[in-house]
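Observations on chain architecture
In case you want the letters, here they are:
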Amino acid sequence: MKSLILFGRRWYNQNGEAFHTVSITIDYINVHTTDLEPGVDYIETAAQWLEDNEKVIRRNPGNDGVATLSGHLIYIGDIDYYFESAEVARKKDL
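So, on to the environment of Ala-89. Tracing the sequence through the fold places Ala-89 in the segment after β7 (80–87). Residue class for Ala-89 comes out exposed when judged on its relative accessible area of 72%. Along the chain, Ala-89 and Arg-10 lie 79 residues apart, while their C-alpha atoms are 8.7 Å from each other.

Next comes the structure, spelled out in C-alpha cells:
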C-alpha cells in the first residue's frame, strides 16, 4: 500500500441519532464502501475493515511507523494518507 484515502459521510436522523459510511481508497482505487453504521466514528470503522481484510497490521504503541486512528493502532510507515468527512442532509447521500 502506497496511499490511503478515507472519506466519511455522517447523517443524523430526526431523533438526532448519527449514522455513517466510509469510502476506503488504496493506491487511488476505491476498494470498499462500508454499510451504514451507527455513530460518527468513520475512522474506527475504516480501521477495523482495513485490519479485518489484512490491509494493515496492529503494532504496539511506541514502535516507529505507528499511527493512531481513533484508538486503533495501525502501521502507516511511508504511505501517503488523507482523511476527510462531511455531513450529509439525506440518508440516501451516505
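Now for the nonpolar core. Grouped together as the largest cluster of nonpolar side chains are twelve residues: Leu-4, Leu-6, Val-22, Ile-24, Ile-26, Tyr-42, Ile-43, Ala-46, Trp-49, Leu-50, Val-56 and Ile-79. Only β1 (3–12), β2 (18–26) and α1 (42–52) provide two or more residues apiece to this core. The element best represented in this core is α1, accounting for five residues.

All told, the structure shown has one aromatic pair when counted by the stated rule. When the ring of Trp-11 is compared with that of Phe-19, the centres are 5.8 Å apart and the planes differ by 35°; the resulting orientation is tilted. The buried category is assigned to Trp-11, whose relative accessible area is 14%.

Okay, the pattern of salt bridges next. Taken as a whole, this structure holds two salt bridges when the rule is applied. With a shortest N-O distance of 3.8 Å, Arg-10 and Glu-87 are connected by a salt bridge. Taken together, the positions of Arg-10 in strand β1 and Glu-87 in strand β7 put the pair 77 residues apart, joining distant regions of the chain. One salt bridge in this structure joins Asp-93 and Arg-90, with 2.9 Å as the shortest N-O distance. On the basis of relative accessible area, Arg-90 is assigned to the partly exposed category, the value being 44%.

Checked against the element boundaries, Ser-23 lands in strand β2. The class for Ser-23 is buried, based on a relative accessible area of 11%. A polar side-chain atom of Ser-23 sits 3.3 Å from a polar atom in the side chain of Thr-33. When residues no more than four places from it in sequence are discounted, the contact partners of Ser-23 are Ile-5, Leu-6, Phe-7, Arg-9, Asn-30, His-32 and Thr-33.

Calculation notes
Residues numbered from 1 in each chain as written. Predicted model: local features only at pLDDT ≥ 70, side-chain atom pairs only at ≥ 80, totals over all residues. Heavy atoms only, no water. Helix = DSSP H or I, 4+ residues; strand = E, 2+ residues; numbered from the N terminus. Buried < 20%, exposed > 50% of the residue type's maximum accessible area, 1.4 Å probe, protein only. Core = buried A, V, L, I, M, F, W, Y, C linked by side-chain atoms within 4.5 Å. Phe/Tyr/Trp six-rings, centres within 6.5 Å; stacked < 30°, edge-to-face > 60°. Salt bridge = Lys/Arg side-chain N within 4 Å of Asp/Glu carboxyl O. Polar contact = N/O pair within 3.5 Å; in protein donor to acceptor, adjacent residues only side chain to side chain. Contact = heavy atoms within 4.5 Å.

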